[in-house]
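Descriptive structure summary
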Amino acid sequence: MINWLANPARFMRLSARAVPWCGWTAAVVLAIGLFWALVVAPPDYQQGDTVRIMYVHVPAAWMALSVYLFVAVASAVALVWRHPLAEVAGRAAAPVGAAFTFVCLATGSLWGRPMWGAWWVWDARLTSVLILFFLYLGYIALVNAFDDPSRGGRAGAVLALVGVVNLPIIKFSVDWWNTLHQPASVMRVGGPRIAVSMLAPLLIMAFGFALLFAVLLMLRMRTALNERKAMALRLNSGIAAAPRPERAQTVSAHTAVP
Amino acid sequence: MGDIGTFLAMGGYAGFVWSAYAIALAILGGLSVYSWRRYRDSIAALERLQQDLGRRR
């Protein structure tokens, strides 16, 4: 499957059809999810309407972890098999994962203030998610730090793989340490412990976020492949070798930007 | 439900609930718009380049 998809030309063909389809489905699913979360779902008997923050906070947290796992797997494939698409996929996914992580932290803060009485506490769950956010930023900075994109890609991939240690720490932080953050109530042994009227919009929002990630991933990978193709054309056509300095500068600017 | 004022008030937590949704919309919507624009730019740049190269030959 990975081998078959690792052909950039095939990826471009398939994603051209998948992007609009996925994009419109994401829009519809998110619209339904938002209506359900904000209007239909009941307020919590203890937390009142602040529980509605859960419908963006929890799916964002799930995506923050899943996208990181995706970047790590893509990095492993890029390091071991040198698949041309794997590195492109990791680079394309990381900013989306960082965005989800930021949304998770910001909405968590807005939920923590009324319910815990604090915007932020240095608790194991919150701190490990903050570290996840910095891992994303570190990866993004590292893959863009080198003039030679393949060196940057390798350095970033190593960081992404080392950072995987953080994923189980985040997941089990609420069980290992005595934290203010509540333990898992959906993805737990013995099934979800949450009312269906709240579980349904939560899962719909999560599905919408996953679709949004798929669309953004494909769009950003297509962008990267277009940019690489343009650079290759420029180099092959001899524009790079042209004596005019402004042309040479254009090319070096493109090498610096991935 | 029913009246829009009660809905917007969010049981007294309007500031927290709406800010959370606004931040999520701004970040994820902003990233989507940015990614889309950059995608359109990459197509336009590639087409321009291919036309230029076609003319040179």
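For the structure given in this document, a descriptive report is provided here. In this text, all values refer to a predicted model and were calculated from it rather than measured experimentally.

On a plain count of helices and strands, chain A comes out with nine helices and zero strands. Secondary structure of chain A in N-to-C order comes out as α-α-α-α-α-α-α-α-α. By residue count, 38% of the 258 residues in chain A fall in the buried class.

What follows is about the packing of helix α4 (residues 84-116) of chain A against helix α8 (residues 196-236) of chain A. Residue and element names in this part refer to chain A. At a closest axis distance of 9 Å, the pairing of α4 and α8 adopts a crossing angle of 130 degrees. Between α4 and α8, the interaxial angle falls into the category oblique. Crossing angle aside, the handedness with which α4 passes α8 is right-handed. Mapping the contact onto sequence places Val88, Ala89, Arg91, Ala92, Ala93 and Val96 in α4 and Phe213, Leu216, Leu217, Arg220, Met221, Ala224 and Leu225 in α8. Of the residues assigned to the contact of α4 with α8, the class counts are eleven nonpolar, no polar and two charged.

Below, the discussion takes up the environment of Leu130(A). By the secondary structure assignment, Leu130(A) is in helix α5 (residues 124-143). Residues Leu130(A) and Ile170(A), spaced 40 residues apart in sequence, show a C-alpha to C-alpha distance of 9.9 Å.

Residue and element names in this part refer to chain A. Here glycine 153 lies in helix α6 (residues 149-162). For the pair glycine 153 and serine 66, spaced 87 residues apart in sequence, the C-alpha to C-alpha distance is 20 Å. Not counting residues up to four positions away in its chain, the partners in contact with glycine 153 are Ala78, Glu87 and Val143.

This paragraph deals with the nonpolar core. Within the largest apolar cluster, 77 residues are counted, with the highest numbers of intra-cluster contacts made by Ala60(A), Ala64(A), Val67(A), Val71(A), Ala93(A) and Val103(A). Counting residues per element, the ones that place at least two in this core are α2 (8-40), α3 (54-81), α4, α5, α6 and α8 of chain A together with α2 (14-56) of chain B. The greatest single-element share of this core, amounting to 18 residues, is contributed by α4(A). If sequence neighbours within four positions are ignored, Val103(A) has contacts with Val56(A), Ala60(A), Ile23(B), Ala24(B), Ile27(B) and Leu28(B).

Basis of the calculations
Residues numbered from 1 in each chain as written. Chains lettered and ligands numbered in written order. Predicted model: local features only at pLDDT ≥ 70, side-chain atom pairs only at ≥ 80, totals over all residues. Helix = DSSP H or I, 4+ residues; strand = E, 2+ residues; numbered from the N terminus. Buried ≥ 20, exposed ≤ 12 C-beta atoms within 10 Å, placed from the backbone. Axes fitted to C-alpha atoms, helices over the stretch in contact; angles between N-to-C directions. Parallel < 35°, antiparallel > 145°, perpendicular 65-115°, else oblique. Left-handed = near helix turned anticlockwise from the far one by under 90°. Contact = placed C-beta atoms within 7 Å. Nonpolar A, V, L, I, M, F, W, Y, C, P; charged D, E, K, R; others polar. Core = buried A, V, L, I, M, F, W, Y, C linked by C-beta atoms within 7 Å.

Function cannot be read off these values alone, since they describe shape.
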